[in-house]
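Fold and contact review
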Protein chains: 2
Amino acid sequence: MSDHDELIHSLRARGHRLTPQRRLVLEALQHGDHHMSADEIAQTIIAHYPSISVDPATIYRTLRWLRDVDLVSETSLGQNHMVYALLGSDDHHHLVCEGCSGVIEIDPSILDPVRQELKARYGFAARLAHISIFGLCARCQIGEHEG
Amino acid sequence: MSDHDELIHSLRARGHRLTPQRRLVLEALQHGDHHMSADEIAQTIIAHYPSISVDPATIYRTLRWLRDVDLVSETSLGQNHMVYALLGSDDHHHLVCEGCSGVIEIDPSILDPVRQELKARYGFAARLAHISIFGLCARCQIGEHEG
DNA sequence: TCTCTATCTGCAAACAGTTGCACATGTATT
DNA sequence: AATACATGTGCAACTGTTTGCAGATAGAGA
């Protein structure tokens, strides 16, 4: 059984269903290789299947579900909306500059010691996937005091 | 000149104004010793000054301003609203359990190495005040696979 | 004290995202 | 293939928060 089949089976065993709407959202996330907003996912579905419409509420519910079963990350990049990405490859974190809105992608291993310490000290299993750390990039720190 | 006066002066010099509405929001934050939502701040203002009303938009704008000048933290604790707190004393971070919605407050120094590494490696000045780390607490990890 | 203007406020409209409810459907069982 | 019911969907209403705009005002300077 492939990883994919095994995953589906495991989800079904827990009472989850693989509906057409959920397949469409997953397919959209696979097509867009970057982080996508809920609206971009909706647009992608419309572009590929003009005759099908998926309710926004369903897209949001599907994304929350995918996040809860650890298949998708949900990240704020300082915009007015969340962005979503399939987990498992190309994992990274984001440094989001509050001055210029720039985003630096960084290696996820920088948070490994924190994850380990939280587990050891508090028994807490942190979910730290595609998170954002806000602050000021090197360039924007220079003019900070005139702001 | 006191720290407070110096702060006010510094803000004024940068074109910021200390309006009655901003004073009221600050006063509300000083009264509530925990994290407060925008609505709790509005209620506090009404309770203390029943004849004065401050528009919700103004409260949100004031909170964003206070956050931008590093006087206040803005944190999601997994609820449907943000919470705000004055910075400077009682600093900590939060472990938010996505199973039981519990919040564990932890010592902020756990992120110091990360902050230092981000500065050294990327020149990035991270703002890591009263942040939330989401995940599962020890108890909620036990029944995870039946979810 | 008065003037001036960039900043701030209130209002209303907009936005991203969530929720309640009635109906629809995926899937386990037979 | 038919049944049965828990789970999922669409719709509409709602939440928390942001934004555009016109009028108000804090605070610098005369």
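Placed above this text is the structure.
Here's the deal with the protein's contact with DNA strand C
- Close to DNA strand C lie 23 residues, the nearest being Tyr60(A), Met82(A), Arg17(B), Thr19(B) and Arg22(B).
- Taken together, the sugar and phosphate atoms account for 67% of what DNA strand C places within 4 Å of the protein.
- The contact in question runs from a sugar or linking oxygen of DNA strand C to an N or O atom on the side chain of Gln21(B), over 2.8 Å.
- Interatomic distance of 2.7 Å between a side-chain N/O atom of Thr58(B) and a phosphate oxygen of DNA strand C.
- Listed by contribution, the elements that provide at least two residues to the surface near DNA strand C are helix 4 (56-68) of chain A together with helix 2 (20-31) and helix 4 (56-68) of chain B.
- Among the elements that line the surface near DNA strand C, the one with the most residues is helix 4 of chain A, at 4 residues.
- Taken together, the residues that form the surface near DNA strand C break down as 7 nonpolar, 8 polar and 8 charged.

A closer look at the packing of helix 2 (residues 20-31) of chain A against helix 4 of chain A
Residues and elements named next belong to chain A.
- Look at helix 2 against helix 4: their axes get within 10 Å of each other, and the N-to-C directions meet at 70°. What the angle tells us is that helix 2 and helix 4 run roughly perpendicular. Here helix 2 contributes Gln21, Arg22, Val25, Leu26 and Leu29 to the contact with helix 4, which in turn contributes Thr58, Ile59, Thr62, Leu63, Trp65 and Leu66.
- For the contact of helix 2 with helix 4, the class distribution of residues is 7 nonpolar, 3 polar and 1 charged.

Section: the packing of aromatic side chains
- Counted under the stated rule, the structure contains 0 aromatic pairs over all chains.
- Of note, Arg22(A) hangs over the ring of Trp65(A), and the distance from its end group to the ring centre comes to 3.9 Å.

A look at the nonpolar core
- Ranked by size, the top nonpolar core spans 26 residues in total, and within it Leu118(A), Phe124(A), Ile133(A), Leu118(B) and Ile133(B) carry the most contacts.
- Breaking this core down by element, the ones donating at least two residues are strand 3 (93-97), helix 5 (112-122) and strand 6 (132-136) of chain A together with strand 3 (93-97), helix 5 (112-122) and strand 6 (132-136) of chain B.
- Residues in contact with Ile133(A), not counting those within four places in the same chain, are His94(A), Leu95(A), Val96(A), Leu118(B), Phe124(B), Ala126(B) and Leu128(B).

Side note on the interface of chain A and chain B
- Between chain A and chain B, the contact holds 33 residues from the first and 33 residues from the second.
- Of the roughly 2,600 Å² buried between chain A and chain B on both sides combined, carbon and sulfur atoms contribute 63%.
- Area buried by chain A at its contact with chain B is led by Ile110(A), Tyr122(A) and Phe124(A), which between them contribute 23% of it.
- Here chain A and chain B share 2 salt bridges between them.
- The interface formed by chain A and chain B contains 12 residue pairs in polar contact (both at pLDDT 80 or more).
- Of all the secondary-structure elements, those providing two or more residues to the side of chain A that touches chain B are strand 3, strand 4 (103-106), helix 5, strand 5 (125-126), strand 6 and helix 6 (138-142) of chain A.
- The element that contributes the greatest number of residues to the side of chain A that touches chain B is helix 5 of chain A, accounting for 5 residues.

Conventions we followed
- Residues numbered from 1 in each chain as written.
- Chains lettered and ligands numbered in written order.
- Predicted model: local features only at pLDDT ≥ 70, side-chain atom pairs only at ≥ 80, totals over all residues.
- Heavy atoms only, no water.
- Near = heavy atom within 4 Å.
- Polar contact = N/O pair within 3.5 Å; in protein donor to acceptor, adjacent residues only side chain to side chain.
- Helix = DSSP H or I, 4+ residues; strand = E, 2+ residues; numbered from the N terminus.
- Nonpolar A, V, L, I, M, F, W, Y, C, P; charged D, E, K, R; others polar.
- Axes fitted to C-alpha atoms, helices over the stretch in contact; angles between N-to-C directions.
- Parallel < 35°, antiparallel > 145°, perpendicular 65-115°, else oblique.
- Contact = heavy atoms within 4.5 Å.
- Phe/Tyr/Trp six-rings, centres within 6.5 Å; stacked < 30°, edge-to-face > 60°.
- Lys NZ or Arg CZ within 6 Å of the ring centre and 35° of its normal.
- Core = buried A, V, L, I, M, F, W, Y, C linked by side-chain atoms within 4.5 Å.
- Buried < 20%, exposed > 50% of the residue type's maximum accessible area, 1.4 Å probe, protein only.
- Buried area = accessible area lost by both parts, 1.4 Å probe.
- Salt bridge = Lys/Arg side-chain N within 4 Å of Asp/Glu carboxyl O.

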